[in-house]
Amino acid sequence: MTTTLATDTADGLSAECTLAQRQDYGYMHRDCRRTKDIPLPHSSRVLLVRRCGCSCHRKAGGLR
């Protein structure tokens, strides 16, 4: 059995989605609140919070 952990911050995963990749923690995807980009006020290109890079947020239905 192989478990993949996303510890690299370049993936842009939230803490919840990183934990959800471990066995028996798949339900944690539901707790992720980083479902959209939040821009810095009065800025057109700078993000205050970047959307979680987890593939579960890119599906048509949103979160699972």
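The preceding data block contains the structure.
All chains use their own residue numbering, which begins from 1 and follows the written sequence. Local features in this predicted model are restricted to residues whose pLDDT is 70 or higher, and side-chain atom pairs enter the listing and the counts only when it is 80 or higher, whereas totals over whole chains, interfaces and linings include all residues. Calculation of side-chain values draws on the structure's entire complement of heavy atoms; hydrogens and water are dropped beforehand.

(A) Structural context of the overall build of the chain. Counting secondary structure elements, the chain contains one helix and two strands. Helical segments are the DSSP runs of H or I of at least four residues, strand segments are the runs of E of at least two, and each set is numbered from the N terminus. Element order for the chain, N to C, with α for helix and β for strand: α-β-β. Exposure is judged per residue with a 1.4 Å probe applied to protein chains only, and the accessible area is read against the type maximum: over 50% gives exposed, under 20% gives buried, and values in between give partly exposed. Relative to its 64 residues, the chain shows a buried fraction of 20%.

(B) Local environment of the state of the cysteines. Disulfides are defined in this document as cysteine sulfur pairs within 2.5 Å. Inspection of every chain in the model, using the stated rule, returns zero disulfides. No disulfide involves Cys17; its sulfur sits 3.8 Å from that of Cys52, the nearest cysteine.

(C) Quick look at the side chain of Ser14. You can see Ser14 is positioned in the segment before helix H1 (15–20). Polar contact criterion, stated in full: a pair of N or O atoms within 3.5 Å, where within protein one must be able to donate a hydrogen and the other to accept it, and residues adjacent in sequence count only if both atoms are side-chain atoms. Within polar-contact distance, the side chain of Ser14 engages the backbone nitrogen of Cys17 at 3.2 Å. The contact definition used throughout considers only heavy atoms, calling two residues in contact when any of these lie within 4.5 Å. If near-sequence neighbours (up to four positions away) are discounted, Ser14 is found in contact with Cys32, Arg34 and Cys52.

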